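# Observations on chain architecture
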Amino acid sequence: MAHEHGEHGQEHHEEHEDHGGGHDHHEHHSAMIADFKRRFFVSIILTVPILLLTPMIQGFLGLDWAFPYDQWVLFGLATVVFFYGGWPFLTGAADELKQKSPGMMTLIGLAVVVAYGYSTMVVFGWEGTQFFWELATLIDIMLLGHWIEMRSIMGASNALQELIKLMPHEARRVKADGETEEVSVDDLQQGDHVLIKPGEKVPVDGTIIKGRSSVDESMLTGESLPVEKNEQDEAIGGAVNQDGSLTIEVTKTGDQTYLSQVVTLVQEAQESKSRAQDLANRAAKWLFYAALGSGIVTFIIWWMVSGSTDSAVERAVTVMVISCPHALGLAAPLVVSVSTALSAKQGLLIRNRPPFESARKLDAVIFDKTGTLTQGSFGVTNVVPSGSYSEEQVLEFAGSVEQESEHPLAEGIVNEAKARNIKLHEVEDFQTMTGQGLEGSVNGSAVKIVSPGYMKDHQLTYDEKTFEEKAEEGKTVVFVLVDGELIGMVALADMVRESAKEAVERLNEQGIKPIMLTGDNQRVADWVAAQLGIEEVYAEVLPDHKAEQVKKVQQSGRKVAMTGDGINDAPALATADVGIAIGSGTDVAMETADIVLVQSNPLDVLSVIDLSRKTYRKMVQNLWWAAGYNIAAIPLAAGVLAPVGILLSPAVGALLMSISTVVVAINAQLLRT
């Protein structure tokens, strides 16, 4: 919220001391909306007899419903509206004055106090015209405006509540004897086994220990296609299991779960101070002084010109109402709220608003290589057969032995064999040759997968030129021997992400310099950079020196974003103008990053920049609309067009002000399009 609604405001502030109270905050906000709705309807009902009892309205309608003590009845009804309907504004004004920070609430409070006080004096004998009907309609319109605005804010944060609603309340826990029991999700503990049938939601975060299935994580990560899940894969609470039964071992519960972390991060982002929001708040404060000064000057001029106190009061009240900085105070927070919810749905978790807002001005994006530009896992890049053997035969022997190993290189070879639909065979007498490779028996043949060191130690010949070419590219080469004969070489490398190529290309198109930063040797870095089209490369940089390298790039006058895995890149992420963590779907709480990319997709860096630009553009539009509206409205309310017969009443002023607020709210919602 941009401002505080009287006693609601203080509660709202205190509640945000604890970022974990997302559900309580949502209920509190709902209660505030219901309170304003109730006050509005009570006030609007009482306003009807107030209007009918007002002599001016009766004269306008050609009626004469006067009766004894009718003005006292009018005074009683107006008093209820003033204290009950106007209470949020009166207490809000008191809070602002206590904090010596007058603003929107003070302005409204001053307007209704002046109108009520003057009208009360008229009832008790002061010569003049009472303004009870204008006081009542003013409060009605202000309550309606607040109700609409708060519902807009509520709508902006509903994406989070949809996430919360995703979580099932019960789970099917597997007992020691294999039977299942229905338990509350709150009763689950780490280490429990939970059965999830097709069509059911995953109740908590866990690791799949049995079964395979495709899982819909679209509401959590933004990934539209179902994700294939096998044993040892992570399952995210809230995802929908589609076509196979899964048994998971619970790894995270309660506030530790991915969904809870998402909600917490988004709430932190909504609460973190925005530069544009600060600007709006400062503008609102100055507008209060301008409005107060204009009201006083207007009163003096009208009183001197017309000699009528009630006309002077009416003009002063109108000025203070119409210049209320309501839309201005809401301009930035509504956009912040919408953009934060929007980013969460896209898998972009904004933890710190100011760096996000400054992402629109980035000149350079530094990428950590491993796990960011590359997949962080080895894949086969080349298969070089020897003699009469084919690539498939080399992979058949190598994959059969490697399937018994858990080494990253082994996984890369096995995956390549499976991708080519090569049948792998059972292995006998499998064993590891420490530091030199693996061996085993496949269909009666002795198979060894060995390192260059083994080949050298045993003085075995191979194509040294090809080997050197692959090594120069930073690839790891293994040799496949069958019954002592070399049948081929397999080259592996940390595979480049396809999305990284597109990200680099699009950054270059936008004039933003992509830079690679890595601890790997220069050869490997240059090979990966060549694959991606990155020209500026810093290799062999130790983790504790990455931050220094970021500073050097900044010293060249560029605004820099650092993109890394958020762990060993923590100092660099903190040093950069914008720290962007590439995080897996179940590890999003990276404390040093300003923004977390849930899907680990480098292309999302472009999404961050694009959303930052759109968000800033909407903020500027809203600030200009709100400020421009007030600049134009104050002279009109003061009566500069009085000579041509145009005068605005306080009620019309309030209506115009509320329209301005609604326009700002609608414009913020257009960010979704």
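For clarity, every value in this text was computed on a predicted model and none was experimentally measured.

With that settled, the discussion passes to a nonpolar patch on the surface. Taken together, the side chains of I296, V297, I300, I301, W303, M304 and V305 make up a nonpolar region of the molecular surface, amounting to roughly 730 Å² of accessible area. By secondary structure assignment, the location of M304 is in helix α10 (residues 275–306).

With that settled, the discussion passes to the UniProt feature "transmembrane region" (unreviewed entry) in the chain. When the UniProt feature table is mapped onto this chain numbering, "transmembrane region" (unreviewed entry) sits at residues 40–60, 72–93, 105–125, 131–148, 286–305, 317–344, 623–646 and 652–671. The distance separating the terminal C-alpha atoms of residues 105–125 is 30 Å; by composition the span is 90% helix and 0% strand. From the first C-alpha to the last, residues 623–646 spans 28 Å; its make-up is 67% helix and 0% strand.

Let us look at the pairing of strand β9 (residues 246–252). Bridge count between strand β3 (residues 193–196) and β9: 4 bridges; the pairing is antiparallel. When the sheet's bridge partners are listed, H193 is paired in β9 with E249.

This brings us to the sheet that holds strand β6 (residues 227–229). If you walk across this open sheet you meet the 3 strands as β6-β5-β8, and the pairing is antiparallel. Only two strands of the sheet have a single partner each, and these edge strands are β6 and β8 (240–241). The sheet contact formed by strand β5 (residues 213–216) and β8 spans 2 bridges and is antiparallel. By the bridge assignment for β8, V215 is matched with N241.

Before going further, it helps to examine the packing of aromatic side chains. The full count for this structure, using the stated rule, is 13 aromatic pairs. Here the aromatic rings of F75 and F132 are separated by 6.2 Å at their centres, their planes lie at 55°, and the arrangement is tilted. Taken together, the residues span a long stretch of sequence, with F75 in helix α4 (residues 70–85) and F132 in helix α7 (residues 132–166) at a distance of 57 residues. For the pair F75 and F132, a shared accessibility class is recorded, and that class is buried. Relative to F467, the ring of Y462 lies with its centre 5.7 Å away and its plane at 75°, an arrangement referred to as edge-to-face. Taking the relative accessible area as the measure of exposure, F467 reaches 13% and is therefore buried. Every member of this aromatic cluster is reached through a ring pair, and the members are W72, F75, F82, F83, Y116, F124 and F132. Positioned above the aromatic ring of Y84 is the side chain of R39, whose terminal nitrogen or guanidinium carbon lies 4.9 Å from the ring centre.

In this section: unusual backbone geometry. In this structure, N443 is a non-glycine residue whose phi angle is positive, near 50°. Note that N443 resides in the loop between β14 (437–442) and β15 (445–450). A positive phi angle is found at E540, which is not glycine, with a value near 55°. Along the chain, E540 falls in the loop between β19 (536–538) and α21 (546–555).

With that settled, consider the packing of helix α15 (residues 391–402) against helix α16 (residues 408–419). The geometry of α15 relative to α16 is characterised by a closest axis approach of 9 Å and an angle of 130° between their N-to-C directions. With respect to α16, the element α15 is oriented oblique. Relative to α16, the crossing made by α15 is left-handed. On the side of α15, the interface is formed by L395, A398, G399 and E402, while α16 contributes A410, I413, V414, E416 and A417. A per-class count over the contact of α15 with α16 returns 6 nonpolar, 1 polar and 2 charged.

This next bit is on the environment of T563. Take T563: it is sitting in strand β20 (residues 560–564). By relative accessible area, which is 0% here, T563 ends up buried. Expressed as a C-alpha distance, the spacing of T563 and A576, which sit 13 residues apart in the sequence, is 9.2 Å. For T563, the contacting residues outside a window of four places in its chain are V365, I366, F367, D368, T372, I580, I582 and V605.

Calculation criteria
One numbering rule holds for all chains: residues counted from 1, following each sequence as written. Residue-level local features of this predicted model are given only where pLDDT is at least 70; pairs of side-chain atoms are given and counted only at 80 or more, and the full residue set underlies all totals for whole chains, interfaces and linings. Note that water and hydrogens are dropped before the side-chain values are worked out from all heavy atoms of the structure. Patches in this entry comprise residues that are over 30% relatively accessible and not in a salt bridge; like charges within 9 Å are linked, as are nonpolar side chains (Val, Leu, Ile, Met, Phe, Trp, Tyr) within 5 Å. Residue-level accessible areas treat just the shown protein chains as cover; the underlying method is Shrake-Rupley with a 1.4 Å probe. Throughout this description, the term salt bridge denotes a Lys or Arg side-chain nitrogen within 4 Å of a carboxyl oxygen of Asp or Glu. The helix count covers DSSP runs of H or I at least four residues long, the strand count covers runs of E at least two residues long, and both are numbered beginning at the N terminus. UniProt positions are given in the numbering used here, feature names are shortened, and annotations may be inferred rather than shown by experiment. When DSSP finds two or more bridges between two strands, those strands count as paired. A pair of aromatic rings is counted whenever rings of Phe, Tyr or Trp (Trp by its six-membered ring) have centres within 6.5 Å, and the orientation is called stacked for planes under 30 degrees apart, edge-to-face for over 60 and tilted otherwise. Whether a residue is buried, partly exposed or exposed follows from its accessible area with a 1.4 Å probe, protein chains only, as a fraction of its type maximum: under 20%, in between, or over 50%, in that order. By definition, being over a ring means that NZ of Lys or CZ of Arg is both within 6 Å of the ring centre and within 35 degrees of the ring normal. Structural elements are reduced to axes, namely lines fitted to C-alpha atoms, with helices fitted over the stretch in contact, and the angle between N-to-C directions of any two is expressed from 0 to 180 degrees. Angular relationships are summarised with four words: roughly parallel below 35 degrees, roughly antiparallel beyond 145, roughly perpendicular across 65 to 115, and oblique for the angles in between. Left-handed describes a crossing whose near helix is turned anticlockwise from the far helix through less than a right angle; right-handed describes the clockwise counterpart. Residues are treated as being in contact if the distance between any of their heavy atoms lies within 4.5 Å. Any residue outside Ala, Val, Leu, Ile, Met, Phe, Trp, Tyr, Cys, Pro, Asp, Glu, Lys and Arg is labelled polar, Gly included; the first ten of those are nonpolar and the last four are charged.

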